[in-house]
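# Examination of the molecular architecture
Spelled out from the first residue to the last, the chains are:
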There are 2 protein chains.
Amino acid sequence: MPRRTAPGRPGGADGKDATWQAQKSAATRNQIIEAAIDCLVKVGYARTTTTRIASTAGLSRGAMLHHFPTKLDIVKAAVEALHAKRLKAFRKSIVAAPPAGRGRVHQAVQAYWQHVRHRLFVAFFELSVAARTDPELDAVLRPAQAAFDEAWIQTAREAFPEWQGDPEAFDLALHLSRYLLEGMSVSFLTHEDPERGERVLEYLEDLLRNLRPTGNGQRRLRSN
Amino acid sequence: MPRRTAPGRPGGADGKDATWQAQKSAATRNQIIEAAIDCLVKVGYARTTTTRIASTAGLSRGAMLHHFPTKLDIVKAAVEALHAKRLKAFRKSIVAAPPAGRGRVHQAVQAYWQHVRHRLFVAFFELSVAARTDPELDAVLRPAQAAFDEAWIQTAREAFPEWQGDPEAFDLALHLSRYLLEGMSVSFLTHEDPERGERVLEYLEDLLRNLRPTGNGQRRLRSN
DNA sequence: ACGGAAAAAGTCAAAGCTGTTTGAAACCGG
DNA sequence: CCGGTTTCAAACAGCTTTGACTTTTTCCGT
């Protein structure tokens, strides 16, 4: 019977305090994961090499490879950590919304806008783009993304019960906001100066206020 | 006095028919550029190597390097060709819009939607993402992108004179459409199945119809 | 203190990439 | 036909990356 906690398990997972060594191992793994996310943001996926990750984490490549035998193992762990952090941050910002009034939509839009401006989104975005042409990475990212999307939508449903009377409007509002804000964020990331988003953000808030169900299940905005 | 047209100049640029050799040279360069764009779409920027471009173009790497001494030279030529093609395609699709009525907004939205779904947009997108973390590439792409944006906006202004009574509304409509459709396209490129865009496209058309000036310079949609 | 396990570091081979150089083939005007 | 130019192809050197393997150091229970 092994006498020590296996590497990778967080300390205390078996109900007993982990040895210092096991805790140190878990801390090193976390350090590597943080370094990987850092590299994704700073130099993009293509230049996120095992050499650069190890250097950023402050240990040798050999040491790093002891914890994660292949680069894909690091990427898997980074994807998992990334999505957990993003979901946690999103939940936290959503609960800060006022219970009613104009400020509620404003806060929700600002929350998602900050979400897509965050370095964690940049890291995720780099992985997404690389996965388009990398089947191995796609096989890792796709299920994780599906799980994230499911949890994200569930979080939004719970946070905005007043919309559930009109699921169709809610679905439209959710996707409209997501595409628009992610599109704007990507534009600012790649080639635009982030100075012209405010008008669009205000307009989106107006749209969501008009889309919001009024109690009779009917949206106010009508086509010409 | 040189007796032959310099490589790189299109045949007939000096007012005389180019030699067959010069035409062949121009055709080879075009072949290389097409191959580079193909590689960007198929394998992404990071894997678009000189080896792969030459192979796709159907000639040796040495031959290719005779025409473009460095990889950045190929990229520069590809960026130029890409933007010229995208602008041409955009202009062509815009003039197909009906002169008035509901169909006008529909056609304009469909035109831009097809534009951002096209392989040329994918190639441009790959370059954009790579340029975020590559100063050398950014130095090439940024001015080209600025010129493209300028020409694109000018094309839109000329194609939609009825909006010019309300430049603010036009600017909002333009950016709203762009961010939304590019965000949706990027989502479909990277991780989503392209099956849920229709509701959003219809909604965008409604928004644009509501934003369109009615002659008294006032938008119909109002905030709560 | 000791032996075994784990963590850390160093080394190696293979593969691939880029830009440079050299050589061969094709083209063209005199 | 010939010499010069252009296009094409091959070879080379230098660099970087990855995963595997070996060695060293640290840690821990007996």
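Residues numbered from 1 in each chain as written. Chains lettered and ligands numbered in written order. Predicted model: local features only at pLDDT ≥ 70, side-chain atom pairs only at ≥ 80, totals over all residues. Heavy atoms only, no water.

Turning our attention to the confidence of the model for chain A. All names here are of chain A. Overall, the predicted model of chain A reaches an average pLDDT of 85, with 87% of residues at or above 70. In the model, residues 1-16 has pLDDT below 50 throughout and makes eight contacts with residues more than four positions away in sequence or in other chains. Low pLDDT (under 50) marks residues 216-224, which in the prediction has 24 contacts with non-local residues, meaning those over four places away or in another chain. (pLDDT = per-residue confidence, 0-100. Contact = heavy atoms within 4.5 Å.)

Each of the two chain copies can be generated from the other by rotation about an axis followed by a shift along it. Turning chain A through 180° and shifting it by 0.0 Å along the axis lays it on chain B, with an RMSD of 0.0 Å. The transformation relating the two chain copies, once decomposed into turn and shift, fits a two-fold axis. Scanning chain A for the C-alpha nearest the rotation axis identifies Gly-183 of chain A, at a separation of 1.7 Å. Mapped onto chain B, 100% of the interface residues of chain A are again interface residues, and the two copies thus contact each other with one and the same surface. (Least-squares fit on C-alpha atoms with pLDDT ≥ 70 in both.)

A few words now on the packing of helix H6 (residues 119-132) of chain A against helix H8 (residues 167-190) of chain A. All names here are of chain A. Axis separation between H6 and H8 bottoms out at 12 Å; the angle between their running directions is 85°. Taken together, H6 and H8 sit at an angle that is classed as roughly perpendicular. Along its contact with H6, which presents Phe-121, Val-122 and Phe-125, the element H8 presents Glu-182, Ser-185, Val-186 and Leu-189. (Axes fitted to C-alpha atoms, helices over the stretch in contact; angles between N-to-C directions. Helix = DSSP H or I, 4+ residues; strand = E, 2+ residues; numbered from the N terminus. Parallel < 35°, antiparallel > 145°, perpendicular 65-115°, else oblique.)

Moving on: the interface of chain A and chain B. On the chain B side, the residues contacting the 54 residues of chain A number 54 residues. For the pair chain A and chain B, the two sides together bury roughly 4,800 Å², of which 54% comes from carbon and sulfur. Joining chain A to chain B, the criterion identifies six salt bridges. Note that Arg-132 of chain A is salt-bridged to Glu-126 of chain B, the shortest N-O span being 3.0 Å. Remark: the boundary between chain A and chain B carries 12 residue pairs in polar contact (both at pLDDT 80 or more). Within the residue set of the side of chain A that touches chain B, elements represented by two or more residues are helix H1 (20-43), H6, helix H7 (135-159), H8 and helix H9 (197-211) of chain A. It is H8 of chain A that provides the largest number of residues to the side of chain A that touches chain B, a total of 15 residues. Of the residues that constitute the side of chain A that touches chain B, the class distribution is 21 nonpolar, 12 polar and 21 charged. (Buried area = accessible area lost by both parts, 1.4 Å probe. Salt bridge = Lys/Arg side-chain N within 4 Å of Asp/Glu carboxyl O. Polar contact = N/O pair within 3.5 Å; in protein donor to acceptor, adjacent residues only side chain to side chain. Nonpolar A, V, L, I, M, F, W, Y, C, P; charged D, E, K, R; others polar.)

For the rest of this paragraph, the subject is the nonpolar core. General note: in soluble globular proteins, nonpolar side chains tend to be found buried as a group. Core analysis: the largest hydrophobic core is formed by 138 residues, its most contacted members being Leu-127 of chain A together with Leu-127 of chain B. Other than its neighbours up to four places away in sequence, Leu-127 of chain B contacts Leu-40, Tyr-45, Val-75, Val-79, Leu-82, Leu-137 and Leu-141 of chain B. (Core = buried A, V, L, I, M, F, W, Y, C linked by side-chain atoms within 4.5 Å. Buried < 20%, exposed > 50% of the residue type's maximum accessible area, 1.4 Å probe, protein only.)

Applying the stated rule across the entire model yields 17 aromatic pairs over all chains. When the centroid spacing of 6.1 Å and the interplanar angle of 75° are considered together, the rings of Phe-125 of chain A and Phe-125 of chain B count as edge-to-face. Remark: Phe-125 of chain B occurs in helix H6 (residues 119-132) and Phe-125 of chain A occurs in helix H6; the pair is interchain, linking two chains. In terms of burial, Phe-125 of chain A and Phe-125 of chain B fall into one category: buried. Seen in terms of ring centroids, Trp-163 of chain B and Phe-170 of chain B are 6.0 Å apart; in terms of plane orientation they differ by 50°. Their pairing is tilted. Of the two residues, Trp-163 of chain B and Phe-170 of chain B, both sit in the buried class. In this arrangement the basic side chain of Arg-86 of chain A is found over the ring face of Phe-124 of chain A, its NZ or CZ atom lying 4.3 Å from the centre. (Phe/Tyr/Trp six-rings, centres within 6.5 Å; stacked < 30°, edge-to-face > 60°. Lys NZ or Arg CZ within 6 Å of the ring centre and 35° of its normal.)

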